[in-house]
Amino acid sequence: MSDSTSPATDGFTAGVLVGSIRRDSVSRKVATAMAGLVPAGLTLRPLRIDDLPLYDEDLDDGPPPAPWARFRAEVRAVDAILFVTPEYNRSVPAPLKNAVDVGSAPHGRNVFAGRPAGIVSLSPGRMGAFGANHHLRQSLVFLDMPTMQQPEAYLGGSDEMLGTDGTLRSDAVRELLTGFLTAFDVWVAGHVAVPA
Ligand SMILES: Cc1cc2nc3c(=O)[nH]c(=O)nc-3n(C[C@H](O)[C@H](O)[C@H](O)COP(=O)(O)O)c2cc1C
């Protein structure tokens, strides 16, 4: 994946928001593996969310905390957002919901607005974090992010998905994610916001 400061060049750049902030996150490793499956012209750029102070409306009355300002600028610098997330208690993990809230504020300055989105959810269980995937979609409707509907990506068995070297063990999962990213690239091309 590209670093967070390099400018977008040809094609599209999608910022990647990973819903788990733990060191050995399977979601992050899968997001990293996905960077090797993108079609030509699509770049995945990881965006940091683990240092964002909890959203507090009072803090938007003055200069925002530096990590909020950085994150908002990073979202503005990408064409699209790809979410790769596990599920916590049948919903979106708090760090990811916090990032969504930080980027959406202050009122009228939602940096996500108009940016196409895709969601990959994953879980050790068989439901592939369906609950997180669809709770997130609910927020993205309000944030005015055109979110790819098909193909869906609910990945079960995430605890068995990666080899010790961090690569995807299953050809079927690799093919599913390759197809997802190919469709996402087309989705982004069709929905990317016209630069202001
Ligand atoms: C607080 C908490 C709540 C969880 N709730 C769910 C859940 O609702 N559904 C689910 O499939 N897994 C749930 N899990 C298990 C996660 O899917 C699992 O820990 C997963 O590996 C986290 O992804 P990561 O490896 O990217 O951190 C939960 C885990 C935690 C810590």
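Here the structure is a predicted model, which means the values were calculated and not measured.

Criteria and cut-off values
- Along every chain, residues carry numbers that run from 1 in the direction the sequence is written.
- Confidence filtering applies because this is a predicted model: local features only for residues at pLDDT of at least 70, side-chain atom pairs given and counted only at 80 or more, and all residues used for totals across whole chains, interfaces and linings.
- Based on all heavy atoms of the structure, the side-chain values leave hydrogens and waters out of the count.
- We call a set of buried Ala, Val, Leu, Ile, Met, Phe, Trp, Tyr and Cys residues a nonpolar core when their side-chain atoms join them within 4.5 Å.
- For every residue, the accessible area obtained with a 1.4 Å probe (protein chains only) is divided by the maximum for its type, and the residue is called buried under 20%, exposed over 50%, and partly exposed between those limits.
- Segments assigned H or I by DSSP are reported as helices when at least four residues long, segments assigned E as strands when at least two residues long, and all are numbered from the N terminus.
- Whether two residues are in contact is decided by their heavy atoms: any pair within 4.5 Å suffices.
- Note on aromatic contacts: the rings of Phe and Tyr and the six-membered ring of Trp form a pair at centre separations within 6.5 Å, being stacked when their planes are under 30 degrees apart, edge-to-face when over 60 apart, and tilted otherwise.
- Salt bridges, as used here, are contacts in which a Lys or Arg side-chain nitrogen is within 4 Å of a carboxyl oxygen on Asp or Glu.
- Being near a molecule or strand, for a residue, comes down to having at least one heavy atom within 4 Å of it.
- Each polar contact in these results corresponds to two N or O atoms within 3.5 Å; when the atoms are within protein, one needs to be able to donate a hydrogen and the other to accept it, and residues that are neighboring in sequence are counted only if both atoms are side-chain atoms.
- Under the convention used here, a 1.4 Å probe and the Shrake-Rupley method define accessible areas, while residue burial counts only the protein chains that appear.
- Note on residue categories: nonpolar means Ala, Val, Leu, Ile, Met, Phe, Trp, Tyr, Cys or Pro, charged means Asp, Glu, Lys or Arg, and polar means any other residue, Gly included.

Novice: So, the nonpolar core: which residues are in play, and what are the values?
Specialist: Ranked by internal contacts, the top residues of the largest apolar core, which has 27 residues, are Met34, Leu82, Val120, Leu168, Leu177 and Phe184. Sorting the residues of this core by element identifies strand S1 (12-18), helix H1 (26-34), strand S2 (42-46), strand S3 (80-85), strand S4 (117-122) and helix H5 (171-191) as the ones contributing at least two each. In terms of residues, this core owes the most to one element, H5, which gives 6 residues. Val120 has contacts with Met34, Leu82, Phe83, Val84, Thr85, Ala153, Leu155, Leu177 and Phe180, leaving out every residue within four places of it along the chain.

Novice: So what's going on with the packing of aromatic side chains? Residues and values would help.
Specialist: Under the criterion given, the structure shown has 4 aromatic pairs. Centre to centre, the rings of Tyr55 and Trp68 are 5.2 Å apart; their planes meet at 25 degrees, and the pair counts as stacked. With a gap of 13 residues between them, Tyr55 in the loop between S2 and helix H2 (66-76) and Trp68 in helix H2 connect regions that are remote in the sequence. Summarising the aromatic geometry, the rings of Phe71 and Phe112 are spaced 6.3 Å apart at their centres and angled 65 degrees between planes, so their arrangement reads as edge-to-face.

Novice: Account for the environment of Phe12, naming residues and giving values.
Specialist: Position of Phe12 relative to the elements: it lies in strand S1. For Phe12, a relative accessible area of 21% corresponds to the partly exposed category. Along the backbone, Phe12 and Gly41 are 29 residues apart, and their C-alpha atoms lie at a distance of 6.2 Å. When near neighbours in sequence (up to four residues on either side) are disregarded, Phe12 contacts Gly41, Leu42, Thr43, Asp79, Asp185, Val188, Ala189 and Val192.

Novice: Go over the pattern of salt bridges, please, and point to the residues and values.
Specialist: Counted under the stated rule, the structure contains 8 salt bridges. The residue Asp51 makes a salt bridge to Arg48 at a minimum N-O spacing of 3.9 Å. When its relative accessible area of 22% is taken as the criterion, Asp51 is described as partly exposed. The salt bridge involving Arg174 is made with Asp171; its shortest N-O contact spans 2.6 Å. Here Arg174 pairs with Asp171, and both are found in helix H5, just 3 residues apart, close to one helical turn. Among the residues examined, Arg174 registers a relative accessible area of 28% and is labelled partly exposed. If you follow the salt bridges from partner to partner, you end up with Arg48, Asp50, Asp51, Arg70 and Glu74 in one network.

Novice: Account for the site of the ligand, naming residues and giving values.
Specialist: Neighbouring residues of the ligand: Ser20, Arg22, Ser25, Val26, Ser27, Pro86, Glu87, Tyr88, Asn89, Arg90, Ser123 and Pro124. Taking Ser20, its side chain carries an N or O atom lying 2.6 Å from an oxygen atom of the ligand. A total of 630 Å² of accessible area belongs to the ligand in isolation, and the protein chains cover 69% of it. Its residues assigned to classes, the shell around the ligand comprises 4 nonpolar, 5 polar and 3 charged.

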